[in-house]
2 protein chains.
Amino acid sequence: MNLKDRDSLIQKWLVEIKEYIIEQKNTDLNIEEKTADNDLVTRMDKSIEEQLVKKIRETFPEDKIVGEEGYGDDVKDLTGTVWFIDPIDGTLNFVMQQENFAVMIAVYTEGVGQLGYIYDITHDKLYSSTKGDGVRCNGQQLEIPLDLNLSKGLVASSSALMCKDQYPAVRKIGAESLGVRMLGSAGLETIEVAKGNVSAYIASNLKPWDIAPGLLFMEELGMTGTQFDNQPIDLLQNNNIVFATKNAHKDIIDMLEK
Amino acid sequence: MNLKDRDSLIQKWLVEIKEYIIEQKNTDLNIEEKTADNDLVTRMDKSIEEQLVKKIRETFPEDKIVGEEGYGDDVKDLTGTVWFIDPIDGTLNFVMQQENFAVMIAVYTEGVGQLGYIYDITHDKLYSSTKGDGVRCNGQQLEIPLDLNLSKGLVASSSALMCKDQYPAVRKIGAESLGVRMLGSAGLETIEVAKGNVSAYIASNLKPWDIAPGLLFMEELGMTGTQFDNQPIDLLQNNNIVFATKNAHKDIIDMLEK
């Protein structure tokens, strides 16, 4: 199946997922803690991933799947075609607020991003990218954000980085910027970077499915995505990441390396 | 004019302001720095306040006005009827993002909140309160949020508190909660408390117009709004504030006093 047809099919599946979430979200979510009281999984996370994995296996039996909830494969390398699935990114928001979460999917071939999707369900805004075609919101092309320096823009980051001192440079980076925004969803924060609402997103310990669509978005928008040490992001493990305009990225890496 | 008629009139004015903002927001904003490069004012802030002050003076010539941009009065006490106006709360977001800002109005009589409005223009959601009638979103009554403890909910706060160390307890409070959210608009963060999306909003150095509608919302929702030292909020000066569920408020004040 060519990329255009794959894109149409994935967009159709995402609309089905949106409808399922809206239909189900006021029912019992059957919330369980994973590693901590703010790391939750619901019946919905599992069920969405299970349905999606089933569809992918039926349509693309050769492909490999990296999924948050364990319905995918134990993927050891990025050869062939690999899917990354985060059924609900921002599960804590989903549980506490019933809003401010995203569904994320990405497709990579031989380690290269081909398709990426971040769906802000609450506002019914689907951000998507097909390699070489930029990033779109509900089909409409996003403009390339201004290449602002750190001090001329806002940055998004995470509670863990702001409240704990594992990477104290991140608070200095926040103070150097015009201000910090925190939404509690890697997907929504990536969207903020893609729209130019913030010039950078800085986060620690993100999983491959948190990063995969956004990394393609950054490439398509002439922006940069790396690890804290400026090394390429590794989609087979957890990463500390900086998604940013080229100029803000340089400023941030300089401050992280000090 | 009775409260109900005042409420109808203010809601009509707010719709006119919304239409004006939508019509004007892609024009030249004529941005100026006030106290720092992240403390901005635009032509829009000034023009909205000027228009609103004119309408208030025509209709309610006896009333006093406390406005962010200086078109109001030099108010020394809260006797009589006092209006609080923030024409665009979250001006930095308005300038950088053209979204994530609010228009705020409150009316107090003899120091007691009578009417409060926070209008999330981007999403066309007007949160309003008439004393004794709870808080409504586009006319629909909000439910009273669960009275969660600090450790069972999210909290909203500000860049200044997270990135600088003037009140280090606030980062500990953030770490004690399920997570911190930062939106860059006191109005939008107050809405998050009112909806129960976060259990507390903690911010320093807020101006009377940043606080006045939210303080009424807290009273109407059985929640608590005080200064950091648990003293009542003083609407004649800047305040460090905690808006929170009763339980989270107690937990937060305990940690601030340590």
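Conventions adopted
Throughout, a residue's number is its position along its own chain's written sequence, starting from 1. Here every chain gets a letter starting at A, and every ligand a number starting at 1, in the order they are written. Residues qualify for local features only when their pLDDT is at least 70, as the model is predicted, and side-chain atom pairs are given and counted only at 80 or more; totals for whole chains, interfaces and linings, by contrast, use all residues. Based on all heavy atoms of the structure, the side-chain values leave hydrogens and waters out of the count. Side-chain rings of Phe, Tyr and Trp (the six-membered ring for Trp) are treated as a pair once their centres are within 6.5 Å; stacked means planes under 30 degrees apart, edge-to-face means over 60, and tilted covers the remaining angles. Here a strand is any run of E in DSSP of at least two residues, a helix any run of H or I of at least four, and the numbering for each starts at the N terminus. The cut-offs for exposure are 20% and 50% of the maximum accessible area for each residue type, with area from a 1.4 Å probe on protein chains only; residues under the lower value are buried, those over the upper are exposed, and the others partly exposed. One speaks of a salt bridge when a side-chain nitrogen belonging to Lys or Arg is within 4 Å of a carboxyl oxygen belonging to Asp or Glu. Source of the domain bounds: an automatic or database domain assignment. When two parts are brought into contact, each loses some accessible area as probed by a 1.4 Å sphere; the total of that loss over both is the buried area. Contact definition: two residues touch when any of their heavy atoms are within 4.5 Å. Only buried residues count toward a nonpolar core. Its members are Ala, Val, Leu, Ile, Met, Phe, Trp, Tyr and Cys residues joined through side-chain atoms within 4.5 Å. Least squares is the method used to superpose the copies, on C-alpha atoms of residues holding a pLDDT of at least 70 in both. Every angle, taken between N-to-C directions, lies between 0 and 180 degrees, and every axis is a line fitted to C-alpha atoms, over only the stretch in contact when it is a helix. Just so you know how the angles are binned, under 35 degrees is roughly parallel, over 145 roughly antiparallel, 65 to 115 roughly perpendicular, and the rest oblique. Under the convention adopted here, Pro, Cys and the residues Ala, Val, Leu, Ile, Met, Phe, Trp and Tyr are nonpolar, Asp, Glu, Lys and Arg are charged, and Gly plus all remaining residues are polar. Each polar contact in these results corresponds to two N or O atoms within 3.5 Å; when the atoms are within protein, one needs to be able to donate a hydrogen and the other to accept it, and residues that are neighboring in sequence are counted only if both atoms are side-chain atoms. UniProt positions are given in the numbering used here, feature names are shortened, and annotations may be inferred rather than shown by experiment. Working rule for handedness: look at the near helix, and if it is turned counterclockwise from the far one by less than a right angle, call the crossing left-handed; if clockwise, right-handed.

(A) Just the packing of aromatic side chains, in detail. The full count for this structure, using the stated rule, is 11 aromatic pairs over all chains. Ring geometry for F60 of chain A against W83 of chain A: centres 5.6 Å apart, planes inclined by 40°, an arrangement best described as tilted. Of this pair, F60 of chain A sits in the loop between α2 (43-59) and β3 (64-67) while W83 of chain A sits in strand β4 (residues 81-89); the two residues are 23 residues apart in sequence, bridging distant segments of the chain. In this structure W83 of chain A comes out as buried when scored by relative accessible area, which is 0%. Judged by centre distance (6.1 Å) and plane angle (35°), the ring pair of W13 of chain B and W83 of chain B falls under tilted. Here the residue W13 of chain B occupies a position in helix α1 (residues 3-24), and W83 of chain B occupies one in strand β4 (residues 81-89), the gap between them amounting to 70 residues.

(B) Local environment of the pattern of salt bridges. Residues and elements named next belong to chain A. Inspection of the entire model under this criterion finds 32 salt bridges over all chains. Residue E68 is joined to K34 by a salt bridge in which the shortest nitrogen-to-oxygen separation is 3.2 Å. Here E68, found in the loop between β3 and β4, pairs with K34, found in strand β1 (residues 32-36); they are 34 residues apart in sequence, far enough to count as distant. You can call E68 partly exposed: its relative accessible area is 22%.

(C) Representation of the domain arrangement of chain A in the model. Residues and elements named next belong to chain A. Split into domains, chain A comes out as domain 1 (3-141) and domain 2 (150-257). For domain 1 versus domain 2, the separation of C-alpha centres amounts to 21 Å. Around 2100 Å² of area is buried between domain 1 and domain 2 when both sides are counted, 71% of it from carbon and sulfur atoms. Where domain 1 meets domain 2, there are 0 salt bridges.

(D) Representation of the environment of N230 of chain A. All names here are of chain A. When you line up the elements, N230 lands in the loop between β13 (224-227) and β14 (239-244). A relative accessible area of 39% means that N230 is categorised as partly exposed. Considering only alpha carbons, one finds N230 and L142, 88 residues apart in sequence, at a separation of 26 Å. The residues contacting N230, other than those within four sequence positions of it, are H249, I253 and E257.

(E) Spatial organisation of the nonpolar core. Within the largest apolar cluster, 43 residues are counted, with the highest numbers of intra-cluster contacts made by F84, Y108, Y201, I211, L235, I241 and F243 of chain A. By residue number, the principal contributor to this core is helix α7 (residues 208-220) of chain A, which donates 7 residues. Excluding residues within four positions of it along the chain, I241 of chain A makes contact with Y201, I202, A203, L206, I211, T226, Q227, F228 and I233 of chain A. Y127, A194, L216 and L235 of chain B belong to the second-largest nonpolar core, a separate cluster that totals 42 residues.

(F) View of the relation of the copies chain B and chain A. Expressed as a screw transformation, the operator carrying chain B onto chain A has a rotation angle of 180° and an axial translation of 0.0 Å, and the superposed copies differ by an RMSD of 0.0 Å. Here the copies are linked by what is in effect a two-fold axis. Of every C-alpha in chain B, the one belonging to M182 of chain B sits nearest the axis of rotation, 2.4 Å from it. Taken together, the interface assignments show that 100% of the residues at the interface of chain B recur at the interface of chain A, consistent with an identical surface on both copies.

(G) Structural context of the packing of helix α6 (residues 186-195) of chain B against helix α7 (residues 208-220) of chain B. Residues and elements named next belong to chain B. Put simply, α6 and α7 touch, their axes get as near as 10 Å, and they point 5° apart. Comparing the axis directions of α6 and α7 gives the class roughly parallel. On α7, the residues touching A186, T190, V193 and A194 of α6 are D210, G214, F217 and M218. Here the residues of the contact of α6 with α7 are counted per class, giving 5 nonpolar, 2 polar and 1 charged.

(H) Layout of the interface of chain B and chain A. Counting from both sides, the interface comprises 34 residues of chain B and, opposite them, 34 residues of chain A. Together, the buried faces of chain B and chain A total about 2700 Å²; carbon and sulfur atoms form 48% of this surface. Contact with chain A buries area across many residues of chain B, yet M96, R171 and L178 of chain B alone supply 22% of it, more than any other trio. Between chain B and chain A we count 4 salt bridges in total. For E99 of chain B, the salt bridge identified is with K195 of chain A, shortest N-O distance 2.7 Å. The interface formed by chain B and chain A contains 18 residue pairs in polar contact (both at pLDDT 80 or more). Where the side of chain B that touches chain A is concerned, the elements lending two or more residues are α3 (91-97), α4 (159-163), α5 (169-176), β11 (179-181) and α6 of chain B.

(I) The arrangement of the UniProt feature "binding site: Mg(2+)" (unreviewed entry) in chain A in detail. Residue and element names in this part refer to chain A. According to UniProt, the positions carrying the feature "binding site: Mg(2+)" (unreviewed entry) are E68, D86, I88, D89 and D210. Taken along the chain, the residues just named run across 143 residues; in space they keep tight, none of their C-alpha pairs more than 10.1 Å apart. If we ignore the near neighbours within four places in the chain, the residues touching E68 are K34, E49, I85, D86, P87, I88 and W209. Topologically, D86 is positioned in strand β4. Not counting the four nearest positions on each side in its chain, D86 is found in contact with E68, A102, V103, M104, W209 and D210.

(J) Region of interest: the packing of α1 of chain B against helix α2 (residues 43-59) of chain B. All names here are of chain B. Contact geometry for α1 and α2: axes closest at 11 Å, N-to-C directions at 155°. Classed by the angle they form, the pair α1 and α2 counts as roughly antiparallel. Here α1 and α2 pass one another in a crossing that is right-handed. Across the interface between the two elements, L9, W13, E16, I17, Y20, I21 and Q24 of α1 pack against R43, M44, S47, I48, Q51, L52, K55, I56 and T59 of α2.

(K) Focus on the side chain of S129 of chain A. Residue and element names in this part refer to chain A. Mapped onto the fold, S129 is located in strand β7 (residues 125-130). In this structure the side chain of S129 is engaged in a polar contact, spanning 2.8 Å, whose partner is the backbone oxygen of G134. In this view, S129 contacts Q114, L115, G116, G134, V135, L216, F217 and E220; residues no more than four positions away in its chain are not counted.

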